[in-house]
Amino acid sequence: MNFSADTVLAPPTSSTRKSSGGSSRMGSRHASVRVPRVPGWWRDAFGVFVWSSMLMVVALWVSGGGLQGLGSTGTGLTSVGRLTGLVASDLLLIQVLLMARIPLVEKTYGQDELARRHRLVGFWSFNLMVVHIVAITLGYAATSPKGLWGTIVDFVVNYPGMLLAVAGTAALVMVTVTSIRAARSRLRYESWHLLHLYAYLGVGLALPHQLWTGKDFLTSPVATIYWWALWAAAAGSVLFWRVGQPLWRSLRHQLVVQEVRAENDRVTTVVMSGRDLHRLPVRAGQFLQWRFLDGPGASRAHPYSLSAAPDGRTLRITAAHLGDGSARLARLRPGTRVLFEGPYGRLHEGARTRRKVLLMASGIGITPMRALLEAMDQRPGDVTLVYRVRSDEDRIFVDELSALAASRRARLFVVTGHRASARQSWLPQHAAHLGDVEALRQLVPDVANHDVFICGSPGWMDATEQAVTDAGVPPEHVHIERFTY
Ligand SMILES: Cc1cc2nc3c(=O)[nH]c(=O)nc-3n(C[C@H](O)[C@H](O)[C@H](O)COP(=O)(O)OP(=O)(O)OC[C@H]3O[C@@H](n4cnc5c(N)ncnc54)[C@H](O)[C@@H]3O)c2cc1C
């Protein structure tokens, strides 16, 4: 390959030292965490659950006389309004479940994919809710002497729970509008996130009108049980996994900052220690949401991946200074209390399906890859790490990666250089005359037989994913963690 010699760092040599099983800081400091596989059928099972729930809703609507209602314009509109309202509610609750941090769901999809699905389901649910409101109103107006405006006033004033539903709808409209890409890109992340929390209020306020006036909710015992179970599952999951468990774990493990050190002037590593950390089910490659209690602004959580394999006594993160939240890590003092949520993410050994593994990182995406390189079960030559950086100054963990690669007998390539300008590529400009797949095969000739883990900047990840799939790696063997949603 035509990468200049200094871009390839520490290729394996036959003289590299084998992991010594205890004394070396590299290669063996991690606690032996049992890493169960994430069965591929979980994904199918969740898909079946979601589609079944919608089928159930349609079946309940049919059994409640929904089809008969389609006979005339007025009752037809009302009936369509009922159906769309029910499906919208169902999707709204599925949306809540998707973001409730349910461990099985988290492990199966990973938070970035869940966020994308949540967004897709959210827009569908919102559109159906709009159809519901319009169709129900027109349907009632068509059969009422009060006319359109009289019906609207009647709904809001006289129907139980409807005023709350209007307030809930306003909250959901605000959340949806601010989630449209053009609007979201104009908002600071924390402002968008704060507004987004109003979705819970919106969902909560919509419940009473479904309970008190929703025909399909009340007429059949099956419908009542179904809806109560879904509402209870959504509320219970959020309370348990988003509130209760994080509080319990933070209290139990009493994390404090132990050490803060600069990797360079734009990247900081923070090491935390705590109680009984060997009992925290966290794996190399995963991330947690962190709150450092160091003053104003501490209530806002930031996700950072572990940059070292957990050893049962400490947890370590490494963050690039992007904005206020990440830059303040450099000013943390030892002893600062830390609250956390997690662990989350599916970029861990449990997602692995093959013996041979290719880890591909760019920029700060090296953090989970460094931890994986350290922790993965591997024979000499099983694991290859390709680390893409813009310049030598941007490299971090230089010595650690070399030492890890040597002790674990892994192959390490650092590919340096500014990004290719003419096309989207995982390669730097000076290597862009090579095809993306060709270059990949030069580094890892049997890449098609690998599981591939990818983490880095968004465009680079897309190009890398494309290159590995074009090189013959089936999508189910490609594992991705995005640092931006
Ligand atoms: C799963 C995951 C793992 C990550 N791991 C690392 C890591 O190991 N090292 C590292 O340097 N960075 C990591 N990040 C990115 C890191 O969370 C953001 O860079 C950081 O939160 C930015 O906050 P800020 O206040 O410094 O910057 P801001 O200027 O407030 O935000 C910059 C950008 O970061 C993103 N961001 C900010 N806050 C959050 C949040 N709470 N959740 C999701 N995205 C956010 C937004 O896209 C925002 O536009 C990870 C992100 C995710 C989603």
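Residues numbered from 1 in each chain as written. Predicted model: local features only at pLDDT ≥ 70, side-chain atom pairs only at ≥ 80, totals over all residues. Heavy atoms only, no water.

Let's talk about the site of the ligand
Definition in use: We call a residue near a molecule or strand as soon as one heavy atom of that residue lies within 4 Å of the molecule or strand. Nitrogen and oxygen atoms within 3.5 Å of one another constitute a polar contact, given that in protein one can donate a hydrogen and the other can accept it, and given that sequence-neighbouring residues count only through two side-chain atoms. Using the Shrake-Rupley algorithm and a 1.4 Å probe, accessible areas are obtained, with residue cover drawn only from the displayed protein chains. Numbering goes from the N terminus for both helices and strands, where a helix is a DSSP run of H or I of at least four residues and a strand is a run of E of at least two. Side-chain classes are defined by residue name, with Ala, Val, Leu, Ile, Met, Phe, Trp, Tyr, Cys and Pro counting as nonpolar, Asp, Glu, Lys and Arg as charged, and the others, Gly among them, as polar.
Within the structure, the ligand sits among 23 residues, and Arg300, His302, Pro303, Ala320 and Ser326 are positioned closest to it. Separating an oxygen atom of the ligand from a backbone N or O atom of Gly323 is a distance of 2.9 Å. Calculation on the ligand without its partners gives an accessible area of 870 Å², and the protein chains cover 86% of this total. Looking at the shell around the ligand, the element that brings in the most residues is strand E4 (residues 302-305), giving 4 residues. Class assignment of the residues belonging to the shell around the ligand gives a composition of 11 nonpolar, 8 polar and 4 charged.

Comments concerning the sheet that holds strand E10 (residues 451-456)
Inclusion rule: Should DSSP find at least two bridges between two strands, the strands are regarded as paired. Interaxial angle, 0 to 180 degrees, is taken between N-to-C directions of lines fitted to C-alpha atoms, where a helix line uses only the stretch in contact. Any two residues whose heavy atoms approach within 4.5 Å at even a single point are treated as in contact.
Reading across the sheet, the 5 strands line up as E9-E8-E7-E10-E11 and stay open at both edges, with parallel pairing between neighbours. Looking at which strands have only one partner, the edges of the open sheet turn out to be strand E9 (411-416) and strand E11 (478-482). Between one strand axis and the next, the sheet turns through 15° on average, direction left out of account. Bridge count between E10 and E11: 5 bridges; the pairing is parallel. Looking at the pairing, Cys455 lines up with Glu481 of E11. Taken strand by strand, helix H13 (residues 366-375) contacts strand E7 (357-362), strand E8 (383-389) and E10, and its axis lies near 150° from that of E7. Sheet strands in contact with helix H15 (residues 436-443) are E7, E8 and E9, and its direction is about 145° off that of E9.

Re the side chain of Ser326
Applied cut-off: Think of it in three bands: with a 1.4 Å probe and only protein chains considered, a residue is buried below 20% of the maximum accessible area for its type, exposed above 50%, and partly exposed in between.
Mapping Ser326 onto the fold places it in helix H12 (residues 324-327). Relative accessible area serves as the criterion here: at 6%, Ser326 is assigned to the buried category. Looking at Ser326, its side chain comes within polar contact range of the main-chain nitrogen of Gly323, at 3.2 Å. Leaving out residues up to four positions away in the same chain, Ser326 has contacts with Tyr304, Ala320 and His321.

Some points on the packing of helix H1 (residues 41-63) against helix H2 (residues 73-98)
Convention followed: Throughout this description, any angle smaller than 35 degrees is read as roughly parallel, any larger than 145 degrees as roughly antiparallel, any in the 65 to 115 degree range as roughly perpendicular, and the remainder as oblique. Here a crossing is taken to be left-handed if its near helix is turned anticlockwise relative to the far helix by less than a right angle, and right-handed if that turn runs clockwise.
Taken N-terminus to C-terminus, the directions of H1 and H2 make an angle of 155°; their axes are 10 Å apart at the nearest point. With respect to H2, the element H1 is oriented roughly antiparallel. Of the two possible hands of crossing, H1 and H2 adopt the one that is right-handed. Across the interface between the two elements, Val50, Ser53, Met54, Val57, Val58 and Trp61 of H1 pack against Ser79, Arg82, Leu83, Leu86, Val87, Asp90, Leu91 and Ile94 of H2.

Here we look at the nonpolar core
This is how the line gets drawn: Among buried residues, the Ala, Val, Leu, Ile, Met, Phe, Trp, Tyr and Cys ones that are joined through side-chain atoms within 4.5 Å form a nonpolar core.
Judged by nonpolar contacts, the single largest core of 39 residues is most densely connected at Leu93, Trp227 and Trp231. Where this core is concerned, the elements lending two or more residues are H1, H2, helix H3 (103-109), helix H4 (111-142), helix H6 (162-179), helix H9 (198-213) and helix H11 (221-253). Element by element, the count of residues in this core is highest for H2, at 10 residues. In contact with Trp231, not counting residues within four places along its chain, are Leu93, Val203, Leu207, Gln210 and Phe217. In this structure, Leu434, Ala439, Val444 and Ile454 belong to the second largest nonpolar core, which totals 26 residues.

Comments concerning the sheet that holds strand E1 (residues 255-264)
As a general point, the strands of a sheet are linked pairwise by backbone hydrogen bonds and lie either parallel or antiparallel. Strand order in the open sheet formed by 6 strands is E4-E3-E6-E1-E2-E5, with antiparallel pairing between adjacent strands. Looking at strand neighbours, the two that pair on one side only are E4 and strand E5 (314-320), the edges of this open sheet. Taking the axes of each pair of neighbouring strands and ignoring which way they run, one obtains an average angle of 40° across the sheet. Where E1 lies against strand E6 (residues 337-344), 2 bridges are found, and the strand directions are antiparallel. Its bridge partner lying in E6, Leu255 is registered against Val338.

Here we look at the confidence of the model for the protein chain
Stated formally: Each residue carries a pLDDT score, the predictor's own confidence in it, on a scale running from 0 to 100.
Averaged over every residue, the pLDDT of the protein chain is 87; residues scoring 70 or more account for 91%. Here residues 1-33 is a poorly scored stretch, pLDDT under 50, and it has 81 contacts once near neighbours within four places are set aside; other chains count.

Topic: unusual backbone geometry
Negative phi is the rule for most residues except glycine; trans is the rule for most peptide bonds. With an omega of 10°, the peptide bond between Gly342 and Pro343 qualifies as cis. With respect to the element layout, Pro343 can be found in strand E6. Phi at Arg101 takes a positive value of approximately 60°, unusual for a residue other than glycine. Residue placement: Arg101 occurs in the loop between H2 and H3. One non-glycine residue, Phe397, lies in positive phi territory at about 55°. Mapped onto the fold, Phe397 is located in the loop between E8 and helix H14 (398-408). Residue Phe397 is classed as buried on the basis of its relative accessible area, which comes to 4%.

Quick word on the environment of Thr178
Relative to the helices and strands, Thr178 is located in helix H6. Taking the C-alpha atoms as reference points, Thr178 and Val473, 295 residues apart in sequence, are found 37 Å from one another. Excluding residues within four positions of it along the chain, Thr178 makes contact with Ala183, Arg184, Leu187, Trp192 and Leu195.

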